[in-house]
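The chain contents come next:
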Amino acid sequence: MSRASGKQRVSYFYDADIGNYYYGQGHPMKPHRIRMAHNLLLNYGLYKKMEIYRPSPATFDELRKFHSDEYVKFLRHITPDNMGEYAKQMQRFNVGEDCPVFEGLYQFCQASSGGSIGGAVKLNKGTSDIAINWAGGLHHAKKSEASGFCYTNDIVLAILELLKQHKRVLYIDIDIHHGDGVEEAFYTTDRVLTVSFHKFGEYFPGTGDVKDVGANAGKYYSVNFPLKDGINDESYASIFKPVIGQIMQLYQPSAIVLQCGADSLCGDRLGCFNLTIKGHAECVSFVLKQKLPTLILGGGGYTIRNVSRCWTYETAVVLNEEISDDLPFNDYYEYYGPDYKLHYPPSAMENLNIPENLEKIKAKVFEHLRQMQPAPNVQMHVTPSSANDDEEVEEEDPDSRFNQRAADARQEHGAEFYGSNKGVE
């Protein structure tokens, strides 16, 4: 595992209830995968190397920093029992099939977004160098619309938090699907540069052409790298590293958000790429070498035994820890049979991304990046208060950090800065 040297302070956000949320029978999105990843990294002993927090649920006021009031009120009120009364709104807010109404939907959104906002606060305060929220990374959600299994856009909310302390934030997306919700939110600003590497062409969500570069003040601050089926580790590294390297040099961000959607792995139920876990994690490693405050988030991933493997390994990469390829016994051990290994080989699928085409796209991306103004200089006047101005409460014994009572007692990140009336209506 290649990692920049030096002891990094890592905070990790996990809500013990996250695995109980259920999108419904046959639905590919399974929050249970986050519980599986957590249990696996617990049994590898990785929890001893980081500070574990239960996220404070994102409040109504926090969620409406990006989402519309009407949409958040709808999410708060809709249940499987009353959805008959909300037929018109369900259609308007794109809730129903891909994004079903399920028991605890609003609480799920609060937990996912709360972890990402909480991570951003830790980075802003300088109490963590890296923050991890595998329940985050829900990149398709729009201001007033659910999309692609995503309801609230924790990434946008976390970036808004980071912008209170950082002049420029870089967002990187390695999910197989285009990071459309995040790109759209920041399409007209130069304070956030979004870059997405994704399958393009007759594939959800259908956006993310190399020609889509942003607009107005944000022109050339949206970067898209469209890909075809079967991309492997070598091809992916050949584009990811030079593109991110060039962006770092030209844009000079002071914080990074990395969405680690695991549906770009080989063997994904909905995906069609051929990355190994090590190839996927190499992107994480490269980003960490930039030595900036970094928020690491989950995302897609639908072959759940591989998702939990991947995010466990990437947690180890963050911590600069070597872990065995033999899986430790854990609560979900039977999911990993018949081999019970951490890593698995790529498939024999054809890589339709021929080197000449990748070079052409890379050249276009570089051409767009050269059009960017030099790193924009933002006048920061009064820094807004953070979403976590309460007193810190850290657990004392590092070996007993994952302790539900202590986790529950963790400070709220409050939302006071958004306004004092929680759950306004």
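As shown above, the structure is provided for reference.
As the structure is a computational prediction, the values presented were derived from the model and not from experiment.

A few words on the sheet that holds strand β1 (residues 10-13). Taking strand neighbours across the sheet as the criterion, the eight strands line up as β2-β1-β3-β8-β7-β4-β5-β6 in an open arrangement whose pairing is parallel. The open sheet has two free edges, formed respectively by β2 (51-53) and β6 (222-227), since each of these has just one partner strand. Taken pair by pair, the neighbouring strands of this sheet meet at an average axis angle of 15°, ignoring direction. Taken together, the five bridges between strand β4 (residues 169-173) and strand β7 (residues 255-259) define a ladder with parallel strand orientation. If you follow Y171 over to β7, its bridge partner there is V257. Of the strands in this sheet, β1, β3 (130-133) and β8 (294-297) are in contact with helix α10 (residues 304-319), which crosses β3 at around 170°.

This part is about the layout of surface pockets. One number sums up the size of the largest pocket: a volume of about 190 Å³. If you go around the largest pocket, you meet 19 residues; those closest to its centre are F149, H177, F204, L270 and Y302. Here the lining of the largest pocket is built from residues that sort into eight nonpolar, eight polar and three charged.

Relative orientation of the contacting elements helix α8 (residues 233-251) and helix α9 (residues 277-288) amounts to 15°, with a least axis distance of 10 Å. One way to sum up the angle between α8 and α9 is to call them roughly parallel. Between α8 and α9 lies a crossing of right-handed hand. Note on element contacts: α9 touches α8 through G279, E282, C283, F286 and V287, opposite D233, Y236, F240, K241, I244 and G245. By residue class, the composition of the contact of α8 with α9 is six nonpolar, two polar and three charged.

Once that is clear, we can look at the packing of helix α5 (residues 105-125) against helix α6 (residues 154-162). Packing of α5 against α6 leaves a shortest axis separation of 8 Å and a crossing angle of 20°. By the criterion of interaxial angle, the relationship of α5 to α6 is roughly parallel. For the pair α5 and α6, the crossing hand works out as right-handed. Across the interface between the two elements, S112, S113, S116, I117, A120, V121, L123 and N124 of α5 pack against D154, L157, A158, E161 and L162 of α6. A breakdown of the residues in the contact of α5 with α6 according to their chemical character gives seven nonpolar, four polar and two charged.

What follows concerns the pattern of salt bridges. For side chains bearing opposite charge, pairing can occur when the charged atoms are close. Tallied over the full model, the rule gives 15 salt bridges. Across the pair K241 and E282 runs a salt bridge, and its minimum N-O distance is 3.0 Å. Placement of K241 in helix α8 and of E282 in helix α9 is noted, with a sequence separation of 41 residues between them. When its relative accessible area of 28% is taken as the criterion, K241 is described as partly exposed.

A word on α8. Counted at 1.5 Å a residue, the expected span for α8 with its 19 residues is 27 Å, and the 26 Å between its end C-alpha atoms agrees. What α8 keeps buried is the set S235, Y236, I239, F240, V243, I244, Q246, I247, M248 and Y251. In this fold, the buried residues of α8 make contact with β4, β5 (192-199), β6, β7, α9 and α11 (355-371). Of the residues trailing α8, Q252 is marked for its positive phi of about 50°.

What counts as what
- Residues numbered from 1 in each chain as written.
- Predicted model: local features only at pLDDT ≥ 70, side-chain atom pairs only at ≥ 80, totals over all residues.
- Heavy atoms only, no water.
- Pairing = 2+ DSSP bridges.
- Helix = DSSP H or I, 4+ residues; strand = E, 2+ residues; numbered from the N terminus.
- Axes fitted to C-alpha atoms, helices over the stretch in contact; angles between N-to-C directions.
- Contact = heavy atoms within 4.5 Å.
- 1 Å grid on protein atoms, 1.4 Å probe; cavity = no way out; pocket = protein on both sides within 12 Å on 5 of 7 lines; lining within 4 Å.
- Points joined across faces, edges and corners; volume = space filled by probe spheres on them.
- Nonpolar A, V, L, I, M, F, W, Y, C, P; charged D, E, K, R; others polar.
- Parallel < 35°, antiparallel > 145°, perpendicular 65-115°, else oblique.
- Left-handed = near helix turned anticlockwise from the far one by under 90°.
- Salt bridge = Lys/Arg side-chain N within 4 Å of Asp/Glu carboxyl O.
- Buried < 20%, exposed > 50% of the residue type's maximum accessible area, 1.4 Å probe, protein only.
- Expected span 1.5 Å × (residues − 1).

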